Amino acid sequence: LVILNENGYVVGGFDTVFGGNIPLGAGLSSSASLNCGLIYGLSELFGLDIKKLQIVKMAQNAEHLIGLNCGILDQFAIVHGEKDSFLKLDCRDSTYKVYSSNFDGYSLVLLDTKVKHELTDSAYNSRRKDCEDVLKVIKTIHSNVKSVRDITK
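In this convention, every chain numbers its residues from 1, walking through the sequence in written order. Only residues with pLDDT of at least 70 are given local features in this predicted model, and only at 80 or more are side-chain atom pairs given and counted; all residues enter the totals for whole chains, interfaces and linings. Side-chain calculation: all heavy atoms of the structure are included, whereas hydrogens and water are not.

A closer look at the overall build of the chain
And then number 1: Secondary structure summary: the chain contains five helices and two strands in total.
And then number 2: Principal-axis analysis of the C-alpha atoms gives the chain an extent of 55 × 45 × 30 Å.
And then number 3: Per-residue burial over the chain gives 22% buried out of 153 residues.
And then number 4: We call two residues in contact when some of their heavy atoms are within 4.5 Å. A fraction of 49% describes how many contacts in the chain between residues 6 or more apart in sequence connect residues 24 or more apart.
And then number 5: For the chain, the exposed surface amounts to about 11,200 Å²; the carbon and sulfur share of it is 56%.
And then number 6: The positive count covers Lys and Arg only, the negative count covers Asp and Glu only, and His and the chain ends enter neither. Note that the charge is assigned to NZ on lysines, CZ on arginines, CG on aspartates and CD on glutamates. When the 17 positive and 18 negative side-chain charges of the chain are each reduced to one mean point, those points stand 8 Å apart. Numbering goes from the N terminus for both helices and strands, where a helix is a DSSP run of H or I of at least four residues and a strand is a run of E of at least two. The buried label applies to any residue whose accessible area, calculated with a 1.4 Å probe on protein chains only, is under 20% of its type's maximum; exposed applies above 50%, and partly exposed to all values in between. Using the Shrake-Rupley algorithm and a 1.4 Å probe, accessible areas are obtained, with residue cover drawn only from the displayed protein chains.

Encoded structure:
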């Protein structure tokens, strides 16, 4: 609700219950799904007309509030994904393209490896900071570099 309020959206009282059987820390973007679903549901319930990209950004900011400095990939795929298709996302400007696919004859299988993904307690934030620090140094030498993807040599 903090994220909605910070973005100028006001919601009234509501009751909600969450449930599921995804193992904690399974690495299936469950927190991103929960955030996106809650924002979407509240938008529908209170007639807020929150656009898809706004949902993505607010869900990302909710993750930031708990200390996970994530990008938008998971949230974007959750909000913009379509059945039997792939997304090609440019995280720099949030442009994307949907590609239809045919999965006939194939199955996607998820296995619980019991490896836990506790991103707020992992080295994720540290690795991200390392990349950002390296980028700062490179920018001092090559001013045309805006992100790591601009580095060609």
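Read on for the rest.
Describing the packing of helix H2 (residues 30-46) against helix H3 (residues 52-65)
And then number 1: Between H2 and H3, the shortest axis-to-axis distance is 9 Å and the interhelical angle comes to 130°. Taken together, the axis directions place H2 and H3 in an arrangement best described as oblique. The handedness of the crossing between H2 and H3 comes out as right-handed. Across the interface between the two elements, Ser31, Ala32, Asn35, Cys36, Ile39 and Tyr40 from H2 touch Ile55, Met58, Ala59, Ala62 and Glu63 from H3.
And then number 2: Amino acid classes used here: Ala, Val, Leu, Ile, Met, Phe, Trp, Tyr, Cys and Pro are nonpolar; Asp, Glu, Lys and Arg are charged; the rest, including Gly, are polar. Class assignment for the residues of the contact of H2 with H3 results in eight nonpolar, two polar and one charged. An axis is simply a line fitted to the C-alpha atoms; with a helix, the fit covers only the stretch in contact. Between two such axes, the angle follows the N-to-C directions and lies from 0 to 180 degrees. Roughly parallel here means an angle under 35 degrees, roughly antiparallel means over 145, roughly perpendicular means 65 to 115, and every remaining angle is called oblique. Should the near helix be turned anticlockwise from the far one by less than a right angle, the crossing is termed left-handed; should it be turned clockwise, right-handed.

Considering the packing of H2 against helix H4 (residues 73-80)
And then number 1: As a packed pair, H2 and H4 sit with axes 9 Å apart at the nearest point and diverge in direction by 50°. In terms of orientation, H2 lies oblique with respect to H4. The chirality of how H2 crosses H4 is right-handed. Listed contacts from H4 to Ala32, Ser33 and Cys36 of H2 are Asp74, Gln75, Ile78 and Val79.

Observations concerning H3
And then number 1: Multiplying one less than the number of residues by 1.5 Å gives the expected span of a helix. When the terminal C-alpha atoms of H3 are compared, their 20 Å separation across 14 residues agrees well with the 20 Å that a helix rising 1.5 Å per residue should span.
And then number 2: Those residues of H3 that sit buried are Ile55, Val56, Met58, Ala59, Gln60, Ala62 and Glu63.
And then number 3: Looking at the buried side of H3, the elements it contacts are helix H1 (2-6), H2 and H4.
And then number 4: The first or second residue beyond H3 is Gly67, which carries a positive phi of 100°.

Details of the pairing of strand S1 (residues 85-90)
And then number 1: As judged from the six bridges shared by S1 and strand S2 (residues 95-100), these two strands associate in the antiparallel manner. Bridging from a neighbouring strand, Leu87 pairs with Val98 of S2. The pairing criterion is simple: DSSP has to find at least two bridges between the two strands.

Focus: the nonpolar core
Proteins that are soluble and globular tend to have nonpolar side chains buried together.
And then number 1: With 17 residues, the main nonpolar core has Leu4, Tyr9, Ile39, Ile50, Ile55 and Met58 as its most contacted residues.
And then number 2: For this core, the elements supplying multiple residues, two or more each, are H1, H2, H3 and H4.
And then number 3: Per-element accounting of this core gives the leading share, five residues, to H3.
And then number 4: Once you skip the residues sitting within four places of it in the chain, Leu4 turns out to touch Tyr9, Val11, Ile39, Leu42, Ile50 and Met58. In these notes, a set of buried Ala, Val, Leu, Ile, Met, Phe, Trp, Tyr and Cys residues joined through side-chain atoms within 4.5 Å is what counts as a nonpolar core.

Brief notes about the environment of Leu1
And then number 1: Structurally, Leu1 can be placed in the segment before H1.
And then number 2: Between the alpha carbons of Leu1 and Ile39 there is a distance of 8.6 Å; along the sequence they are 38 residues apart.
And then number 3: Those residues in contact with Leu1 that lie beyond four places of it in its chain are Val11, Phe14 and Leu42.

The quantities given are spatial measurements derived from coordinates; they are silent on function.
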